[in-house]
Amino acid sequence: MVATLNVALLGAGLIGAVHAETLARRLHGVRLAVIADPVEAGARRLLERFELADSRYEPDYRAALADPAIDAVVICSPGASHPAVIAAAARAGKPTFCEKPLGHALEPADQALAEVARAGTLLQLGFQRRFDPGYQRAQALASDGSLGDLHLLRSLTRDPAQPRPEIARPWAVFLETLIHDFDLLRWLAGSEAVEVYAQAATFVSPPGPEPGSFDTALATIRFASGALATADASFHAAYGYDVRAEVFGSKGMVTIGDGRLDSAWHYGPAGVSRPRAHWFQDLFGPAYVAELAHFVDCVRTGQPPAVTGQDGRASLVIAQAAIESVQRGQPVSILA
Ligand SMILES: NC(=O)c1ccc[n+]([C@@H]2O[C@H](COP(=O)([O-])OP(=O)(O)OC[C@H]3O[C@@H](n4cnc5c(N)ncnc54)[C@H](O)[C@@H]3O)[C@@H](O)[C@H]2O)c1
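Quick summary incoming for the structure in this document.

1. Regarding the site of the ligand
Thinking step 1. Taken together, 25 residues sit near the ligand, with Ile 15, Asp 37, Lys 100, Glu 176 and Tyr 288 positioned nearest.
Thinking step 2. Between the ligand and Leu 14 there is a distance of 2.9 Å, counted from an oxygen atom to a backbone nitrogen or oxygen.
Thinking step 3. Asp 37 has a polar side-chain atom sitting 2.6 Å from an oxygen atom of the ligand.
Thinking step 4. For the shell around the ligand, the secondary structure elements donating two or more residues are helix 1 (14–26) and helix 7 (172–189).
Thinking step 5. In the shell around the ligand, the residues fall into 12 nonpolar, 8 polar and 5 charged.

2. A few points about the pattern of salt bridges
Thinking step 1. In this structure the tally under the stated criterion is 22 salt bridges.
Thinking step 2. In this structure, Arg 26 and Glu 21 form a salt bridge, with 2.8 Å as the shortest nitrogen-oxygen distance.
Thinking step 3. The closest approach of N and O atoms between Asp 67 and Arg 56, which form a salt bridge, is 3.0 Å. Pair noted here: Asp 67 is in the loop between helix 3 (61–65) and strand 4 (72–75) and Arg 56 is in strand 3 (residues 56–58), with a separation of 11 residues, a long-range link.
Thinking step 4. It is possible to trace a salt-bridge network through shared partners that takes in Arg 130, Asp 183, Arg 186, Glu 192 and Asp 311.

3. A look at helix 8 (residues 280–301)
Thinking step 1. Taking 1.5 Å as the rise per residue, helix 8 with 22 residues should run 32 Å; its terminal C-alpha atoms sit 30 Å apart, in good agreement.
Thinking step 2. Within the sequence span of helix 8, burial applies to Phe 280, Leu 283, Phe 284, Ala 287, Tyr 288, Glu 291, Leu 292, His 294, Phe 295, Val 296 and Cys 298.

4. Some remarks on the packing of aromatic side chains
Thinking step 1. Counted according to the given criterion, the structure contains 7 aromatic pairs.
Thinking step 2. With a centroid separation of 6.3 Å and 35° between ring planes, the pair formed by Trp 171 and Phe 174 is classed as tilted.
Thinking step 3. Residue Phe 174 is classed as buried on the basis of its relative accessible area of 0%.
Thinking step 4. Counting every residue linked through ring pairs, the aromatic cluster contains Tyr 241, Trp 279, Phe 280 and Tyr 288.
Thinking step 5. The ring of Tyr 61 has Arg 62 sitting right over it, with the charged end atom 5.8 Å from the ring centre.

5. With respect to helix 4 (residues 82–91)
Thinking step 1. For helix 4, the tally of buried residues reaches 8 of 10 residues, placing the bulk of the element in the interior.
Thinking step 2. The complete set of buried residues in helix 4 reads His 82, Pro 83, Val 85, Ile 86, Ala 87, Ala 88, Ala 89 and Ala 90.
Thinking step 3. Contact partners of the buried residues in helix 4: strand 1 (5–10), helix 3, strand 4, strand 5 (96–99), helix 5 (106–119) and strand 6 (123–126).
Thinking step 4. Looking one or two residues beyond helix 4, the residue adopting positive phi is Gly 93, at roughly 75°.

6. Details of the environment of Ser 213
Thinking step 1. Positionally, Ser 213 belongs in the loop between strand 8 (193–201) and strand 9 (216–223).
Thinking step 2. With a relative accessible area of 26%, Ser 213 lands in the partly exposed category.

7. Focus: the sheet that holds strand 1
Thinking step 1. One open sheet accounts for 6 strands, arranged 3-2-1-4-5-6; its pairing is parallel. The open sheet has two free edges, formed respectively by strand 3 and strand 6, since each of these has just one partner strand. Going across the sheet, the axis of each strand differs from the next one's by a mean of 25°, ignoring polarity.
Thinking step 2. Inspection of the sheet shows strand 1 paired to strand 4 by 4 bridges, in the parallel sense. Across the sheet, Val 7 pairs through a bridge with Ala 72, a residue of strand 4.

Cut-offs applied
Residues numbered from 1 in each chain as written. Predicted model: local features only at pLDDT ≥ 70, side-chain atom pairs only at ≥ 80, totals over all residues. Heavy atoms only, no water. Near = heavy atom within 4 Å. Polar contact = N/O pair within 3.5 Å; in protein donor to acceptor, adjacent residues only side chain to side chain. Helix = DSSP H or I, 4+ residues; strand = E, 2+ residues; numbered from the N terminus. Nonpolar A, V, L, I, M, F, W, Y, C, P; charged D, E, K, R; others polar. Salt bridge = Lys/Arg side-chain N within 4 Å of Asp/Glu carboxyl O. Expected span 1.5 Å × (residues − 1). Buried < 20%, exposed > 50% of the residue type's maximum accessible area, 1.4 Å probe, protein only. Phe/Tyr/Trp six-rings, centres within 6.5 Å; stacked < 30°, edge-to-face > 60°. Lys NZ or Arg CZ within 6 Å of the ring centre and 35° of its normal. Contact = heavy atoms within 4.5 Å. Pairing = 2+ DSSP bridges. Axes fitted to C-alpha atoms, helices over the stretch in contact; angles between N-to-C directions.

Treat this as a map of the structure, not an account of what it does.
Written as structure tokens, this is what we have:
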């Protein structure tokens, strides 16, 4: 018998709903006890949808943090708010799972990490691709020498559309989307980025009021190991949701992601077809459950999480270098 872990969800938007389902229905010995969000309707909808009559709503996440009955928190508020919420959770002594990114700027992110270090609390970042079996096998092949010396890597993210362009943040293509690819490339390369050159463009989205509202971007990265990588992203994939990666080395190559939903092919008069993923949950549903299961295990056992605050920081450093590269029109070095 494991003691029930009482968890508070801070943020009840798009990804908050995904994690709410996991916390409410899919993890043994976990209770989604509180949902905090300044906007009441979304939180109440989740409490109803998952039949959480004994759980409560809080308008202010700090009330959840102050509750001694809460054992751990899952942060799903907007990216720029993450450092403040992480720091407050650390001060309250709560083990924390925080969605990517670690933040939008390095200084508050570093202050949050310092609070976590001071408090000695657990912090896991929400890079769920690392919990996908295909990506895990690729990383094992890259790190155990099966692919030889790693020469070239690539990772891409193509969204069918920006969910709500009206609330899109400047530089979101780097800070919110390619941040996944930057994390993955570091993990697959087993090395840290030393130089980034990035370009960005707007093909479809109406120009935003602030600079940095791009819908397409491409970054090349040089790693300390010598490996070269590319990452690209688009917010306008006409054919659905598309996430792929490749690692090419002196002894072979591994590719990950073909967008298929299942193994069935349909043969008909017009040809052969199969359905493909249209949204992020289609591709990564099980990985979102696996990352929270890992978090709960880490809270229970005290083992360090597989994806740390420092991972969040390293990907943010690459994203910031990519933004600077676009602004200056030249490669940007990352100092160790
Ligand atoms: N891992 C993934 O694949 C993935 C997918 C989607 C979003 N995300 C990340 O999750 C985060 C949230 O994204 P989203 O698409 O769910 O956004 P969203 O706008 O749909 O939801 C954010 C919610 O947080 C609430 N909120 C704002 N400030 C808050 C605070 N201080 N405390 C509690 N709640 C607060 C908002 O009212 C809103 O309901 C972002 O960092 C995003 O990058 C990750």
